[in-house]
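The residues making up each chain are set out below.
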Amino acid sequence: MAEIRAIAALGDDVLQGRNEVVRSYASLVVGALLCDRSFRIGALIIAFVVAGALLAPLAAWLLGHGPTEQFRNTALTEMGLPTGPTLEFPLGADGNGRDVLVRTLYGARVSLAIAIPATTLAMIIGTAVGLISGFLAGRVDRIVSQVIDVALSFPFIVTALSLLSLNRGSDGKVLVPPSLVVVLIITLFSWTYFARLTRGLVLVLRRSPLVEAAQTIGASKARIIVREILPNIAPVILVYWAVQLPTNIVAEATLSFLGVGVQAPQPSWGNMIAEAQRSSLYQLQPWFLLGPGIALFLTVAGFNTLSAGLRNVLDPHRHSG
């Protein structure tokens, strides 16, 4: 009994020491991120965008303008042209008399609500597939690699248009909410990049002394993948998540711009830009186009800058180079 208690106490000490190491490493990472200029700038821009998205209902309440409400009597001139920026309409109005500022803020909610779940879901699927493919190798790896190559061969725009066109019944009504379909389409085209990245990292780690030592003591494959490999590749995967997210934001805006994503009158940066282009009213009221355009630019630039900061701190290959 004394030996069992001694072993148990030793195990508790080891576990406590490991937890202290993890907490120490986490504090060092947070400190390094806060010291990185790119991360701070990117985080500040993203915080500004997220705050705007969260405060969209408050802005609508303060201005008294809903995202789909039309104010033709006050927002349009006698000739039916949208007014420019005023105290009542800080970014002016669109061709239907709707508040551009309010619609831009609600468009941020749409873009983030689609891109973040889609990118996260793609990361989970791609990482799982890459872990299995890279660790098992052999026939499994060859089959998975062929599946990835086939998935990458499909053009995004053409395939997305085809899939979205199937989302209508015989009566012409939408079967599934367009936002959900866009999330699934973006996930379908994004998981392959995570799978390829993860597979490459695992192929290198599976021959490392760390994995060989775990195999020597009889650790199961699942334990090796979860306890030894995944923690080592997680920082790189996280960096790539931040890299892929702005790409998926642009993908959502592209589909909405083409009229097959988020449908009007629900505001989306893509369909707002498309409406401005179709009507050509942005030549008279440039904020009609600049509002969603600048918001899209800031969001993409913010996430790209944030990912650069994450890469500077978390990517081990960058430090080793």
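To keep things clear, this report deals only with the structure shown in the data block. If you're wondering where the values come from, they're calculated on a predicted model, not measured in any experiment. Counting restarts for each chain, with residues numbered from 1 along the sequence as it is written. Whole-chain, interface and lining totals are the exception, using all residues; otherwise, since this is a predicted model, local features are given only for residues with pLDDT of at least 70 and side-chain atom pairs are given and counted only at 80 or more. Where side-chain values are given, they derive from all heavy atoms of the structure, hydrogens and water being excluded.

## Let's talk about the overall build of the protein
When its secondary structure is counted, the protein shows 13 helices and zero strands. Secondary structure elements of the protein occur, N-terminal to C-terminal, as α-α-α-α-α-α-α-α-α-α-α-α-α. For every residue, the accessible area obtained with a 1.4 Å probe (protein chains only) is divided by the maximum for its type, and the residue is called buried under 20%, exposed over 50%, and partly exposed between those limits. Within the protein, the proportion of its 321 residues that are buried is 41%. Here, two residues are considered to be in contact whenever any of their heavy atoms come within 4.5 Å of each other. In the protein, the proportion of contacts linking residues at least 24 apart, taken out of those at least 6 apart, comes to 72%. Throughout, the Shrake-Rupley method with a 1.4 Å probe supplies accessible areas, and for residues the shown protein chains are the sole cover considered. On the protein, roughly 17,200 Å² of surface is accessible, and the fraction owed to carbon and sulfur atoms is 67%. Secondary structure elements are taken from DSSP: a helix is a run of H or I of four residues or more, a strand is a run of E of two residues or more, and numbering for both begins at the N terminus.

## A word on the pattern of salt bridges
Salt bridges, as used here, are contacts in which a Lys or Arg side-chain nitrogen is within 4 Å of a carboxyl oxygen on Asp or Glu. Applying the stated criterion to the full structure yields five salt bridges. Of the charged contacts, one joins Asp94 and Arg98 as a salt bridge, the two residues approaching to 2.9 Å between their closest N and O atoms. The pair Asp94 / Arg98 is uniform in exposure class, with both members buried. Of the charged contacts, one joins Asp141 and Arg199 as a salt bridge, the two residues approaching to 2.6 Å between their closest N and O atoms. Pair noted here: Asp141 is in helix H6 (residues 138–152) and Arg199 is in helix H8 (residues 178–205), with a separation of 58 residues, a long-range link.

## Describing the packing of aromatic side chains
Each aromatic ring pair is specified by the distance between its two centres and by the angle formed by the two planes. Pairing of aromatic rings covers Phe, Tyr and Trp, the last counted by its six-membered ring, and requires centre-to-centre distances within 6.5 Å; plane angles under 30 degrees mean stacked, over 60 mean edge-to-face, and any other angle means tilted. On inspection of all chains with the given rule, the structure shows three aromatic pairs. Taking 5.2 Å as the distance between ring centres and 85° as the angle between the ring planes, the aromatic pair formed by Phe156 and Phe189 counts as edge-to-face. Here Phe156, found in helix H7 (residues 156–165), pairs with Phe189, found in helix H8; they are 33 residues apart in sequence, far enough to count as distant. Given a relative accessible area of 13%, Phe189 falls into the buried group. For the ring pair Phe194 and Tyr240, a centre distance of 5.1 Å and an interplane angle of 85° mean the geometry is edge-to-face. With a gap of 46 residues between them, Phe194 in helix H8 and Tyr240 in helix H10 (residues 221–257) connect regions that are remote in the sequence. Accessibility expressed as a relative area gives 22% for Tyr240, which makes it partly exposed.

## Looking at the layout of surface pockets
Method remark: on a 1 Å grid restricted to protein atoms, a set of points is classed as a cavity if a 1.4 Å probe fits but cannot get out and as a pocket if it is open with protein on both sides within 12 Å along at least five of seven lines; lining residues have an atom within 4 Å of a point. Grid points are joined across faces, edges and corners, and a volume is the space filled by probe spheres set on the points. By volume, the largest pocket is sized at about 270 Å³. With six residues, the single largest contributor to the lining of the largest pocket is helix H12 (residues 287–314). Polarity classes work like this: nonpolar for Ala, Val, Leu, Ile, Met, Phe, Trp, Tyr, Cys and Pro, charged for Asp, Glu, Lys and Arg, and polar for all others, with Gly in that last group. Per-class residue counts for the lining of the largest pocket are 14 nonpolar, three polar and no charged.

## Some remarks on the packing of helix H11 (residues 269–279) against H12
At a closest axis distance of 9 Å, the pairing of H11 and H12 adopts a crossing angle of 145°. Judged by the twist between their axes, the crossing of H11 over H12 is left-handed. Note on element contacts: H12 touches H11 through Phe288, Leu289, Pro292, Gly293, Ala295, Leu296 and Thr299, opposite Trp269, Met272, Ile273, Glu275, Ala276 and Ser279. Residues belonging to the contact of H11 with H12 are distributed by class as follows: nine nonpolar, three polar and one charged. Helix axes use the C-alpha atoms of the stretch in contact, all axes being lines fitted to C-alpha atoms, and the angles between their N-to-C directions lie in the range 0 to 180 degrees. Each crossing is labelled by how the near helix is turned from the far one, with a counterclockwise turn of less than a right angle marking it left-handed and a clockwise turn marking it right-handed.

## Digging into the nonpolar core
Formed by 43 residues in total, the largest nonpolar core has its most connected members in Phe135, Ile229, Ile233, Ile249, Leu296, Phe303 and Leu310. At the level of elements, helix H2 (37–54), helix H5 (100–136), H6, H8, helix H9 (209–216), H10, H11 and H12 are the ones that each hand at least two residues to this core. Examining the composition of this core, we find that 12 residues originate from one element, H10, more than from any other. When near neighbours in sequence (up to four residues on either side) are disregarded, Ile233 contacts Leu131, Thr198, Leu201, Val202 and Leu205. To define a nonpolar core, start from buried Ala, Val, Leu, Ile, Met, Phe, Trp, Tyr and Cys residues and group those joined through side-chain atoms within 4.5 Å. Counting 14 residues, the second-largest nonpolar core is a separate cluster that includes Val110, Leu164, Ile185 and Ile186.

The analysis is restricted to geometry; functional conclusions fall outside its scope.
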